[in-house]
Amino acid sequence: MSGGPAVRVSIESSCEKQVQEVALDGTETYVPPLSMSQNLAKLAQRIDFSQGSDSEEDSAEGEPRDREWGKQEQEEEEGTVKFQPSLWPWDSVRNNLRSALTEMCVLYDVLSVVKEKKYMALDPVSQDPTAGKTPQVFQLISKKKSLAIAAQLLLKGGEKLTKSVAENQENRRQRDFNSELLRLRSQWKLRKVGDKILGDLSYRSAGSLFPHHGAFEVIKNTDIDLDKKIPEDYCPLDVLIPSDLDGSAYIKVSIQKQAPDIGDLGTVNLFRRPQKNKGSTQPWHVKLEAAQNVLLCKEIFAQLSREAVQIKSQIPHIVVKNQIISQPFPGLQLSISLCHSTSGEKKSSRASPEKSKPDNHLYVLEHNLHQMMREFHKQQLSSVVMPHPATAPFGHKRLRLAGPLAYDKTEISNLQQSEGLLEKIIKQAKHIFLRSRTARTIDSLASRIEDPQIQAHWSNINDVYESSVKVLITSQGYEQICKSIQLQLNIGVEQIRVVHRDGRVITLSHQEQELQDFLLSQMSQHQVHAVQQLAKVMGWHVLSFSNHVGLGPVESIGNASAVTVASPNGEYAISVRNGPESGCKVLVQFPRSQIKELPKSDIIQDAKWSHLRGPYKEVHWSKMEGRNFVYKMELLMAALTPCP
């Protein structure tokens, strides 16, 4: 066999898992293997704890001690000859448990002997009192050595604790830095360039074309001593912003009237951020918001300066350093300034007491300008036209359509024209000035003239460039009768449109005198209209009425109006003439029969002519009793009305 060729024998390994079932299609189902707990329980079942126990040795069927000692000696002798391995794997575990049980039993016996006095009594041993005495010097030395050893142990333990606390703080700082960086990344744009972390403050994603890079760097804050207590406002993350974006900035828009009648109209501080509580937000977030606000203010002011140079107006705009000066109306000055204060200037300003907010702050203008500034970037972002086919020009689709739907030259020019940011601000400034001047004119007339009364009801819902006010001219106590004068004033940018109750429209310029003269003429007409309405209520007859009288003195403001009314029986007549400048003049016509001084005529001899009314007599209107004009007229009509 040794000389023959080697034969390869293939031995198939036995199946590791037992086959539980073989299906009809030949599929074998195996018994799942035991888990660790099941395997442990299976091995524990093989332990025979009763074998070789003390209970068996002390049982009735135990053999004599001599036989046991003889067996043990024989086993020792046989053990020298050959080694007999344990019959089962848990033999060592059983032996250890037995030895532990023995030791516990011995410990229990010792404790029971010491505790219970019936087994053993312990008596103190008398010692020589002189033998235990030692000199005090040796006692002090031994105590000193003991204290020195204890102090060294405490110092070593303290150093270990300090090192562990420092390591924990360093690990915590690292974890806090990562968490703060994650929070910063969720709110701001970050990118890694080399070993630096850079962020972006600009508005490029919103359509901004400002050339400033607006980049900031994220660093780790290491300006803290680990040995000292960490302050509550400590932040492991810090940011480095460019020097030109440091501090705070805002745009100041002020409307100033050089004439002494109105004075300064108001001031608006755009994008001025209030100081926030440090505990509510992180320091880096406050710093980044302030820097981004400075960048936005600079971008807007650069755009306004560019438009101020490009716009052609009758009065050219002036751009000086960080200020733009414009004159929307003669004598009215619009000033737009960029106010930028660095951190050093900020500290000096904090030392000085802060001034309270002025009462003439234009909140409406501030809201409108904020909305307009936000729309500026949106318009730039949406103004990008997507590519069109090369065979057609760029622009609106209707520009490329032939036929009647195509745009003409006027519509194309209107599409290409667009208002700039500065033009919108100037238009709003004009509207604010015109609205304030109108309100001041109405208030001055209402405070100066008590009869008739003028009331103004301003609308809460207004446009950016248009406001409306409803003006009512009434007499006290006669509001239901005398309400013929109702005016609707639509205040625009450069003019005021007045809509009467009957639909007539009058256009006024921005001059204050025009509006004042118009309101005075309307108040004068109101008195005549009130007499007409009162005559109808009192039963008198209206003989004539005119808003524009051509006789009498010429009024410098508007025209005079007149009305003539007669009593119910026709004996008396009252003629009223009222002018904006000349005032009111009331004349009463009496019957001829009541006039004694009337000269006799040779021509008029018949008695029927005596029923005609005689000449007019003027009434001393200032001596009449009554709180207003209509009340005096009512008393006069009541006195001239005959009793039934």
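Just so we're clear, the structure is a prediction, and the values are computed from it rather than from any experiment.

**Q** Residues and numbers for the pairing of strand S16 (residues 505-508), please.
**A** Looking at chain direction, strand S15 (residues 496-499) and S16 are connected through 4 bridges and run antiparallel. Residue pairing in the sheet places Val 498 in a bridge with Ile 506 of S16. Hairpin connection, S15 to S16: the antiparallel pair is bridged by 5 residues, and Gly 503 has positive phi, about 100°.

**Q** An account of unusual backbone geometry is requested, with residue identities and associated values reported.
**A** Omega for the peptide link from Asp 451 to Pro 452 comes to 0°, which places this bond in the cis form. Inspection of the secondary structure assignment puts Pro 452 in the loop between helix H10 (421-448) and strand S12 (453-458). Backbone geometry at Lys 321 places phi at a positive 55°, although glycine is not the residue there. Secondary-structure assignment places Lys 321 in the loop between strand S9 (318-320) and strand S10 (323-326). Since its relative accessible area comes to 79%, Lys 321 is described here as exposed.

**Q** Please provide a residue-by-residue account of the nonpolar core, values included.
**A** Ranked by size, the top nonpolar core spans 47 residues in total, and within it Leu 237, Leu 288 and Ile 336 carry the most contacts. Ranked by residue count, the leading element in this core is helix H6 (residues 283-310), at 11 residues. Those residues in contact with Leu 288 that sit more than four places away from it in its chain are Leu 184, Trp 188, Leu 201, Phe 216, Val 239 and Ile 241. Ranked by size, the runner-up nonpolar core spans 23 residues in total, among them Leu 534, Val 576, Phe 629 and Leu 636.

**Q** Any details on the sheet that holds S15? Residues and values, ideally.
**A** Reading across from one edge, S12-S13-S14-S15-S16 is the order of the 5 strands in this open sheet, with antiparallel pairing throughout. Of all strands in the sheet, those with a lone pairing partner are S12 and S16, marking the two edges. Taking each pair of neighbouring strands and ignoring which way they run, the sheet shows an average axis angle of 25°. With 6 bridges joining them, strand S13 (residues 467-474) and strand S14 (residues 486-491) adopt antiparallel strand pairing. Opposite Ser 467, over in S14, you have Ile 491 as the bridge partner. Along the sheet, H10 contacts S12, S13, S14 and S15; its crossing angle with S12, the most-contacted strand, is approximately 150°.

**Q** Please give an account of the sheet that holds strand S4 (residues 196-200) that cites residues and values.
**A** The 4 strands are arranged S3-S4-S5-S6 in an open sheet whose pairing can be described as antiparallel. Strands with a single pairing partner mark the edges of an open sheet, and in this sheet they are strand S3 (189-193) and strand S6 (237-240). Strand-to-strand, the axes of this sheet are offset by a mean angle of 35°, without reference to chain direction. In this structure, S3 lies alongside S4, joined through 5 bridges in antiparallel fashion. Following the sheet pairing, Val 193 is matched in S4 by Lys 196. The sheet strands contacting H6 are strand S5 (215-220) and S6, and the helix crosses S6 at an angle near 20°.

**Q** I'd like a description of a nonpolar patch on the surface, backed by residues and values.
**A** A cluster of nonpolar side chains, Val 19, Val 22 and Tyr 30, forms an exposed patch at the surface whose accessible area comes to about 260 Å². Position of Tyr 30 relative to the elements: it lies in strand S2 (residues 28-30).

**Q** Break down empty space enclosed by the protein for me, citing the residues and quoting the values.
**A** For the coordinates displayed, the defined rule picks out 1 cavity of 30 Å³ or more. As a volume, the largest cavity reaches approximately 40 Å³. Along the walls of the largest cavity sit Leu 434, Arg 437, Thr 438, Thr 441, Ile 496, His 510, Gln 511, Glu 512 and Leu 515, which together make up its complete lining. At the level of secondary structure, the elements contributing two or more residues to the lining of the largest cavity comprise H10 and helix H11 (512-538). Of the residues assigned to the lining of the largest cavity, the class counts are 3 nonpolar, 4 polar and 2 charged.

Each value, and the rule that gives it
Residues numbered from 1 in each chain as written. Predicted model: local features only at pLDDT ≥ 70, side-chain atom pairs only at ≥ 80, totals over all residues. Heavy atoms only, no water. Pairing = 2+ DSSP bridges. Helix = DSSP H or I, 4+ residues; strand = E, 2+ residues; numbered from the N terminus. Buried < 20%, exposed > 50% of the residue type's maximum accessible area, 1.4 Å probe, protein only. Core = buried A, V, L, I, M, F, W, Y, C linked by side-chain atoms within 4.5 Å. Contact = heavy atoms within 4.5 Å. Axes fitted to C-alpha atoms, helices over the stretch in contact; angles between N-to-C directions. Patch = residues over 30% accessible without salt bridge, like charges linked within 9 Å, V, L, I, M, F, W, Y side chains within 5 Å. Areas by Shrake-Rupley, 256 points an atom, 1.4 Å probe, with all protein chains shown as cover. Salt bridge = Lys/Arg side-chain N within 4 Å of Asp/Glu carboxyl O. 1 Å grid on protein atoms, 1.4 Å probe; cavity = no way out; pocket = protein on both sides within 12 Å on 5 of 7 lines; lining within 4 Å. Points joined across faces, edges and corners; volume = space filled by probe spheres on them. Nonpolar A, V, L, I, M, F, W, Y, C, P; charged D, E, K, R; others polar.

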